[in-house]
Amino acid sequence: MDIKNIISFIKEAELFRTMTNKELEILAPLFEIQEFKEKEEIFVENSERNYLYIVYKGNVDLYKINLFGKETMINFFVKGNSFGESTILDNYPHSTNARAQDDTILFGLHRNNIESLFANNVAISTKLVTQTAKLISRRIRRTTNQVSGPGAQYASGKTRLEHDLLGEREVPYEYYYGIQTLRALENFNISGVSISHYPNFIKALAQVKMGAALANKEIGELDSTIADAIVQACSEIANGKYHIHFVVDLFQGGAGTSTNMNANEVIANRALEILGHEKGDYIHCHPNNHVNLAQSTNDAYPTALKIALLYSNHSITKELKLLIDSFRKKANEFANVIKMGRTQLQDAVPMTLGQEFEVYAITLEEEIMRLNDNSYLFYEVNMGGTAIGTGLNANPKYKEPCVKYLSEITGMPIVLATNLLEATQDTGSYVMYSSALKRLAIKLSKICNDLRLLSSGPRAGFNEINLPKMQPGSSIMPGKVNPVIPEVVNQIAFKVIGNDLTVSFGAEAGQLQLNVMEPVIAQSIFESLELLSNGMSTLRLRCIDGITANEDVCKKMVENSIGVITALNPVLGYEKCTELAKEALEQNANVYDLIISKGYLTREQLDTLLSPMAMAIGS
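Keep in mind that what you see is a predicted model, and the values were worked out from it rather than measured.

**Q** Is there a simple way to explain the overall build of the protein chain in this structure?
**A** Per the secondary structure count, the protein chain includes 22 helices and 16 strands. By its C-alpha atoms, the protein chain is 105 × 70 × 45 Å across when sized along the principal axes. Per-residue burial for the protein chain yields a buried fraction of 50% across its 619 residues. A sequence separation of at least 24 residues applies to 73% of the contacts in the protein chain between residues at least 6 apart. Of the accessible surface of the protein chain, which amounts to about 28,800 Å², a share of 52% is contributed by carbon and sulfur atoms. Side-chain charges of the protein chain comprise 58 positive and 70 negative groups, with the mean position of each set lying 3 Å from the other.

**Q** What should I look at first to understand the sheet that holds strand β8 (residues 104-110) in this one?
**A** Through backbone hydrogen bonds, the strands of a sheet pair up, either in parallel or in antiparallel fashion. Taken together, four strands build an open sheet; the order of strands is β1-β8-β3-β6 and the sheet is antiparallel. One side of each edge strand has no neighbouring strand; the edge strands of this open sheet are β1 (31-36) and β6 (82-83). With six bridges connecting them, β1 and β8 associate as antiparallel partners. Residue pairing in the sheet places Gln 34 in a bridge with Leu 106 of β8. Strand contacts of helix α3 (residues 111-120): β3 (51-57) and β8, with the helix running at about 45° to β8, the strand carrying the most contacts.

**Q** It is not clear to me how a nonpolar patch on the surface should be interpreted in this structure. Could you clarify?
**A** Where nonpolar side chains cluster on the molecular surface, the patch consists of Leu 89, Phe 118 and Val 129 and spans about 220 Å² of accessible area. Within the secondary structure, Leu 89 is located in the loop between β6 and β7 (97-100).

**Q** Please explain the layout of surface pockets as it appears in this structure.
**A** One number sums up the size of the second largest pocket: a volume of about 440 Å³. Lining the second largest pocket are 22 residues, and of these Ser 455, Gly 457, Pro 458, Val 481 and Asn 482 sit closest to its centre. The set of elements that each furnish at least two residues to the lining of the second largest pocket consists of β15 (465-466) and α15 (484-508). Looking at the lining of the second largest pocket element by element, the count peaks at three residues for α15.

**Q** Would you take a moment to explain empty space enclosed by the protein for this structure?
**A** Unoccupied space between atoms shows up once a probe the size of one water molecule is rolled over them. Scanning the entire structure with this criterion turns up two cavities of 30 Å³ or more. When its volume is computed, the largest cavity comes out at roughly 50 Å³. What lines the largest cavity is simply Pro 302, Lys 306, Glu 380, Val 381, Asn 382, Ala 423, Thr 424, Asp 426 and Glu 518. Elements supplying a minimum of two residues to the lining of the largest cavity: α10 (297-333), β13 (380-381) and α13 (420-425).

**Q** Honestly, the side chain of Ser 296 in this entry has me stumped. Any pointers?
**A** The topology assignment puts Ser 296 in the loop between α9 (287-291) and α10. Judged by its relative accessible area of 14%, Ser 296 is buried. Among the polar contacts made by the side chain of Ser 296, one reaches the main-chain amide nitrogen of Asn 298 at a distance of 3.0 Å. Beyond its immediate sequence surroundings of up to four residues, Ser 296 is in contact with Asn 260, Tyr 301, Thr 386 and Ala 387.

**Q** Got a minute to help me understand the pairing of β3 in this structure?
**A** Working note: regular strand, side chains alternate between the two faces of the sheet. Burial analysis of β3 places five of its seven residues in the buried class, the great majority of the element. Two elements, β3 and β8, share six bridges in a ladder whose sense is antiparallel. Bridge pairing links Val 55 to Leu 106 in β8. Sheet topology places β3 next to β6; two bridges connect them, and they run antiparallel. Bridging from a neighbouring strand, Tyr 53 pairs with Phe 83 of β6.

**Q** What's the story with the packing of aromatic side chains in this structure? I'm lost.
**A** Within a pair of aromatic rings, the relevant descriptors are the distance that separates the centres and the angle that separates the planes. This structure, assessed with the given rule, holds 21 aromatic pairs. Both rings, one in Phe 31 and one in Phe 107, keep their centres 6.3 Å apart while their planes meet at 45°; by these two values the pair is tilted. Linking Phe 31 in strand β1 with Phe 107 in strand β8, this pair joins segments that are 76 residues apart in sequence. With respect to burial, Phe 31 and Phe 107 carry one shared label: buried.

**Q** I would appreciate a short explanation of the state of the cysteines in the present structure.
**A** A covalent bond between the sulfur atoms of two cysteines is referred to as a disulfide. Under the definition given, this model contains zero disulfides. Not engaged in a disulfide, the cysteine Cys 554 finds its nearest cysteine sulfur in Cys 543; these two sulfurs lie 16 Å apart. For Cys 554, a relative accessible area of 0% puts it in the buried group.

**Q** Hey, could you run me through the confidence of the model for the protein chain in this one?
**A** As a general rule, the predicted coordinates of low-pLDDT regions are not to be interpreted in detail. Per-chain confidence: the protein chain averages 90 in pLDDT, with 96% of residues scoring 70 or above. A low-confidence stretch, residues 145-156 (pLDDT under 50), is modelled with 19 contacts involving residues beyond four sequence positions or located in other chains.

**Q** How should the packing of helix α5 (residues 179-187) against helix α8 (residues 257-274) be read in this particular structure?
**A** Packed helices, taken two at a time, are described by their axes: the angle between them and the distance between them. At a closest axis distance of 8 Å, the pairing of α5 and α8 adopts a crossing angle of 140°. Our classification of the angle between α5 and α8 gives oblique. You can see that α5 and α8 cross each other, and the crossing is left-handed. Taken together, the residues of α8 that come into contact with α5 (itself represented by Ile 179, Gln 180, Thr 181 and Ala 184) are Ser 258, Met 261, Asn 262 and Glu 265. The class makeup of the residues in the contact of α5 with α8 is three nonpolar, four polar and one charged.

Rules used in this analysis
Residues numbered from 1 in each chain as written. Predicted model: local features only at pLDDT ≥ 70, side-chain atom pairs only at ≥ 80, totals over all residues. Heavy atoms only, no water. Helix = DSSP H or I, 4+ residues; strand = E, 2+ residues; numbered from the N terminus. Buried < 20%, exposed > 50% of the residue type's maximum accessible area, 1.4 Å probe, protein only. Contact = heavy atoms within 4.5 Å. Areas by Shrake-Rupley, 256 points an atom, 1.4 Å probe, with all protein chains shown as cover. Lys, Arg positive; Asp, Glu negative; His and termini not counted. Charge placed at Lys NZ, Arg CZ, Asp CG, Glu CD. Pairing = 2+ DSSP bridges. Axes fitted to C-alpha atoms, helices over the stretch in contact; angles between N-to-C directions. Patch = residues over 30% accessible without salt bridge, like charges linked within 9 Å, V, L, I, M, F, W, Y side chains within 5 Å. Salt bridge = Lys/Arg side-chain N within 4 Å of Asp/Glu carboxyl O. 1 Å grid on protein atoms, 1.4 Å probe; cavity = no way out; pocket = protein on both sides within 12 Å on 5 of 7 lines; lining within 4 Å. Points joined across faces, edges and corners; volume = space filled by probe spheres on them. Polar contact = N/O pair within 3.5 Å; in protein donor to acceptor, adjacent residues only side chain to side chain. Phe/Tyr/Trp six-rings, centres within 6.5 Å; stacked < 30°, edge-to-face > 60°. Disulfide = S-S within 2.5 Å. pLDDT = per-residue confidence, 0-100. Parallel < 35°, antiparallel > 145°, perpendicular 65-115°, else oblique. Left-handed = near helix turned anticlockwise from the far one by under 90°. Nonpolar A, V, L, I, M, F, W, Y, C, P; charged D, E, K, R; others polar.

This is the structure in structure tokens:
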């Protein structure tokens with residue numbers, strides 16, 4: 001690429017807008033052109049910081065990975081965006097990861113060239129540092145807003161005047177939401193958790209609005225210029241940008257109208273910027289007339305919710321599979337550890353510790369199928385039904401292409417409900433899916449109950465397994481270590497069970513043509529998904545992977561257990577075995593010695609019949 005093209009491109013980047021043409025002529029030859037394939041890492045956390053980058057082609061994800069290996073999207077860069085600006089100020093390692101979302105071309109300015117500029121050109125250096133400080137300041141302010149809440153967003157004091165049915169209000173100038181979102185902020189200060197906490201929901205809302213815009217453009221209801229701006233805005237939001245402007249509480253009256261309008265306003269104001277207009281200049285792109293065209297909250301909100309839950313289902317089943325793998329690894333590790341099985345907390349018959357852990361893997365495997373089966377109900381949507389399912393204010397030609405585009409955008413087999421009136425008021429899919437989450441929670445809680453029992457002691461309990469020691473267990477009892485990880489998963493299960501009851505009440509509380517309780521249904525299911533996903537990660541990494549077996553304790557319990565006499569029923573008969581068991585208990589006698597002393601069997605015969613491993617494998 002020649003220098004003129006490089007200059008033409010970089011001068012549009014925010015970081016270099018204050019540069020003169022002569023300064024750009026000095027800078028341009030210093031840039032390296034770097035190409036990255038789709039999903040290729042550009043840099044990783046804690047790696048050496050060497051480049052300032054500008055995106056020339058493609059898209060870049062900036063993200064972090066937590067202790068459990070989960071990715072959290074931080075930002076999304078498109079053509080003309082810069083990142084890695086801290087290279088200009090310091091040489092600290094990267095604190096995040098960057099990855100090419102698709103085939104990407106970047107302009108890279110190496111640290112060595114930056115240092116050379118600092119040594120030889122004071123004017124360029126000063127401008128670079130000044131612009132970098134401004135960019136970083138904006139990003140810090142955005143992060144502060146996320147932490148401290150919407151009230152912090154009145155940063156500059158500048159506002160714009162907007163109006164709605166109830167009158168006029170001043171809206172913070174910098175932010176993309178509008179007057180209806182502002183009213184929702186004031187009305188619904190309930191949980192303190194905004195919809196920005198659930199990125200899948202925001203992504204799905206943007207995809208619904210994108211599908212609607214494309215459909216309206218196709219049938220001639222929406223001007224192509226406006227439609228294209230809406231689609232671009234939706235694409236940016238779906239890819240992680242502007243999420244901090246989705247500020248309304250998930251708890252809200254109005255069946256989700258505030259959430260829908262929050263999306264409409266953010267998309268409209270971003271589209272206005274794309275079209276070259278000021279935010280709030282709605283004559284060119286209106287939240288209701290254009291972004292919400294042919295829609296109602298009553299079809300857009302539940303459709304977005306269903307798509308978001310489909311994305312979330314993929315995440316939770318992925319986490320569940322990892323937990324199953326951990327249990328299966330332990331099953332293999334403990335395959336030869338003989339122990340006593342129990343029924344009603346009483347000695348039963350021998351088994352292996354490996355069998356016990358394999359059962360945990362199998363029972364959880366069933367839940368993947370249950371979750372997936374119930375999530376398939378979310379593929380059916382009511383787009384085009386508008387207010388109650390009759391399709392009022394929507395072109396009859398709109399609904400089929402809308403669902404077609406939505407399926408293409410999401411990559412999911414989204415289909416139109418057969419009867420939109422029924423689909424608009426029906427919340428049965430949420431009830432079914434929430435019940436599957438409850439079933440998973442109950443199974444996890446039962447497993448954690450077992451782990452707490454099996455690890456109880458160490459002197460006055462079962463003490464068959466050791467859980468990883470995570471923290472001191474008492475403020476008064478020295479040496480005590482509690483099973484804190486299974487305990488917290490138990491508590492998660494209780495909350496999920498309670499959330500399922502809330503979903504049931506929410507579904508029951510609908511009247512006539514609409515169920516207005518969908519926000520609390522959404523909040524309950526999203527919370528259950530998040531709690532279970534985090535809980536399973538914690539259980540896997542901080543408990544299951546570190547469990548060890550006390551083999552001698554397990555073996556001793558088998559050898560001293562009255563339960564082994566069960567294996568002698570076919571040889572000695574039930575009555576004689578009952579007498580032996582009673583006598584062994586009363587005299588605290590060893591079963592082997594008692595049988596031999598009575599002349600019922602020889603030691604060789606007993607060794608064969610009472611082989612713990614033989615009994616454990618059912619041979």
